[in-house]
Amino acid sequence: MAKKPEKRSWAEPFKIKVVEPIKMLTVKEREKAAKEAGYNTFLLRSEDVYIDLLTDSGTNAMSDNQWAGMMLGDEAYAGSKNFYHLESNIQKYYGMPYFVPTHQGRAAEHMISKILIKPGDYIPGNMYFTTTRLHQELAGGTFVDVIIDEAHIPEAEHPFKGNIDLKKLEKLVKQVGADKIPYISMAGPVNMAGGQPFSMKNLQKVYEFAKKHKIRLWMDATRAVENAYFIKMRERGYKSKTIAEILLEMMSYFEGIWVSAKKDLMVNIGGFLATKDKKVFEEARNMVVVYEGLHTYGGLAGRDMEAMARGIEEMVQFDMIRTRVGQVEYLGNKLLSYGIPIVRPIGGHAVFLDAKKFLSHLPQDEFPAQTLAAEIYIDSGVRSMERGIVSAGRDPKTGKHRYPKLELVRLTLPRRVYTQAHLDVTAESIAAVYERRKSVKGLKMVYEPKYLRFFQGRFKRLK
Ligand SMILES: *Cc1c(COP(=O)(O)O)cnc(C)c1O
């Protein structure tokens, strides 16, 4: 009997015009490569990787329209026309009148931290992000996590695990006083919680709270479009709104944003700071000259700004963002069907394996997530990354490891790069490692850099 399809599928709103060959090493060669890289997937050579799910940062496939824009780069030192194109799209889609380009997101984080934070300040946020918190700390601030408790529980089903807990926020204000809080740092979807969004309702409450206490509200809007997509799909009253409308409403509550363009904007490099606050803008515009370059290029080439401007127009198309999140869901559901423990609900940019459950025989000191990422690479050449104790780093005051509740391996999907078949290969490889999980040995750290140790730390296998 012929089988009827159970549903009507969606497919990518594009076809492939250029391809880049990839190669697959043998298991033995990968064993060697992993050892040489100190069992740190950041230290592998890209050439030795078969399917690269390390990060979605700058790994996007640009459209033919973006590439065409690259040829229209105006490489003038000052006043490039691409700057003005980008400025007008930031005004139109983010609703922010002022903007300063930067070479990537962390440069904007550096500037906003320096401008707003005084030593001894506290910065509440919905879970930390590695570079964001580091810049806040380098500016003399202390980051305080005010995300809802559910965000720290991998299996807790909640549609908006990125929400801020207003009671935690209230408690902090009572403890340290509003004048010690230069701004609330909100992000969404929250990467470290597994790509979990916040709701518009929660944002509105945080906005009211901030207004009442005269605290600024700023956003890490690097993935704001993914967050807008979840609001459209999950929150009452937003189903018939466009992604662009939801993004604009979201932005209406913030005084300013910093953005890594290497994510939502589907480019390979870029970032910016945008704000409604003229004073902050003027300071940032002055500071960018010191650290990045003139304020009309900020460490970027004109062509990069043109690709960003065009990327903004593409990122708000519903089909584009549905494909993006839909691919993540496809991989996540496939892993669930194999009984593999992952963070629920499935996030916006990545699937997160629960390494504590996956390698339940390893104590956190033996770096279960770091170990698992290395094992998956050795099995199939799929590259993922650690988001656990290594990423969490040490407490600057005590010098001890921070022991995060979440010990995760992140499989991040570059935008418009891989097909469903690549995702099948990935899921099957993880299932194979899961089969032999009991035989997996942990790691010890043999080299530890001072900052952001997950990028350059080196490990050895325990016997
Ligand atoms: C990537 C990222 C950053 C840092 O941006 P870079 O462009 O890598 O410097 C900051 N915040 C979030 C949420 C990010 O995803």
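Residues numbered from 1 in each chain as written. Predicted model: local features only at pLDDT ≥ 70, side-chain atom pairs only at ≥ 80, totals over all residues. Heavy atoms only, no water.

A. Looking closely at the overall build of the protein. Each helix and strand in the protein was counted, giving 17 helices and 14 strands. For the protein, the C-alpha radius of gyration of 22 Å lies close to 23 Å, the compact-globule estimate for 463 residues. Principal axes of the C-alpha set define a box for the protein whose edges measure 60 × 55 × 45 Å. Within the protein, the fraction of its 463 residues that count as buried is 59%. By sequence separation, contacts in the protein at least 24 residues apart represent 72% of the contacts at least 6 residues apart. On the protein, roughly 20300 Å² of surface is accessible, and the fraction owed to carbon and sulfur atoms is 53%. Charged side chains in the protein number 71 positive and 55 negative. The centres of these two groups are separated by 3 Å. (Helix = DSSP H or I, 4+ residues; strand = E, 2+ residues; numbered from the N terminus. Rg over C-alpha atoms; globule rule 2.2 N^0.38 Å. Buried < 20%, exposed > 50% of the residue type's maximum accessible area, 1.4 Å probe, protein only. Contact = heavy atoms within 4.5 Å. Areas by Shrake-Rupley, 256 points an atom, 1.4 Å probe, with all protein chains shown as cover. Lys, Arg positive; Asp, Glu negative; His and termini not counted. Charge placed at Lys NZ, Arg CZ, Asp CG, Glu CD.)

B. Fine view of helix 3 (residues 81-94). Between its first and last C-alpha atoms helix 3 spans 20 Å; for 14 residues at 1.5 Å apiece the expected length is 20 Å, and the two agree. All buried positions along helix 3 are accounted for by Asn82, Phe83, Leu86, Asn89, Ile90, Tyr93 and Tyr94. Taken around the axis of helix 3, the buried residues stretch over an arc of 130°, which confines them to a single face. For helix 3, exposure combined with an orientation more than 90 degrees from the buried face picks out Lys81 and Lys92. The secondary structure elements touched by the buried residues of helix 3 are strand 2 (98-102), helix 9 (243-252), strand 7 (256-260), strand 8 (271-275) and helix 11 (302-315). N-cap assignment for helix 3: the residue whose side-chain oxygen lies 3.1 Å from the backbone N of Asn82 is Ser80. Gly95 occupies a position one or two residues after helix 3 and carries a positive phi of about 65°. (Expected span 1.5 Å × (residues − 1). Arc of directions from axis to C-beta. Polar contact = N/O pair within 3.5 Å; in protein donor to acceptor, adjacent residues only side chain to side chain.)

C. Region of interest: the side chain of Ser199. Here Ser199 shows up in the loop between strand 5 (183-187) and helix 7 (200-212). A polar atom in the side chain of Ser199 sits 3.0 Å from the backbone nitrogen of Asn202. The residues touching Ser199, leaving out its near neighbours within four places in the chain, are Phe160, Asn163, Ile231 and Glu235.

D. Region of the structure containing the side chain of Asn40. Tracing the backbone through its elements, the reader meets Asn40 in the loop between helix 1 (27-36) and strand 1 (51-52). A relative accessible area of 2% places Asn40 in the buried class. Within polar-contact distance, the side chain of Asn40 engages the backbone oxygen of Phe454 at 3.0 Å. Those residues within four positions of Asn40 in sequence are excluded, and the remaining contacts are Gln370, Phe454, Phe455, Gln456 and Gly457.

E. Examining the site of the ligand more closely. For the ligand, the full set of nearby residues is Gln104, Gly105, Arg106, Glu109, Phe129, Thr131, Asp220, Thr222, Arg223, Ser260, Lys262 and Lys263. Between Arg106 and the ligand, the recorded distance is 2.7 Å, taken from a side-chain N or O atom to an oxygen atom. Between an oxygen atom of the ligand and a side-chain N or O atom of Lys263, the distance comes to 2.6 Å. Against a free-state accessible area of 370 Å², the protein chains account for coverage of 95% of the ligand. Considering each element in turn, the shell around the ligand owes the most residues, three residues, to helix 4 (residues 105-116). Taken together, the residues of the shell around the ligand break down into one nonpolar, five polar and six charged. (Near = heavy atom within 4 Å. Nonpolar A, V, L, I, M, F, W, Y, C, P; charged D, E, K, R; others polar.)

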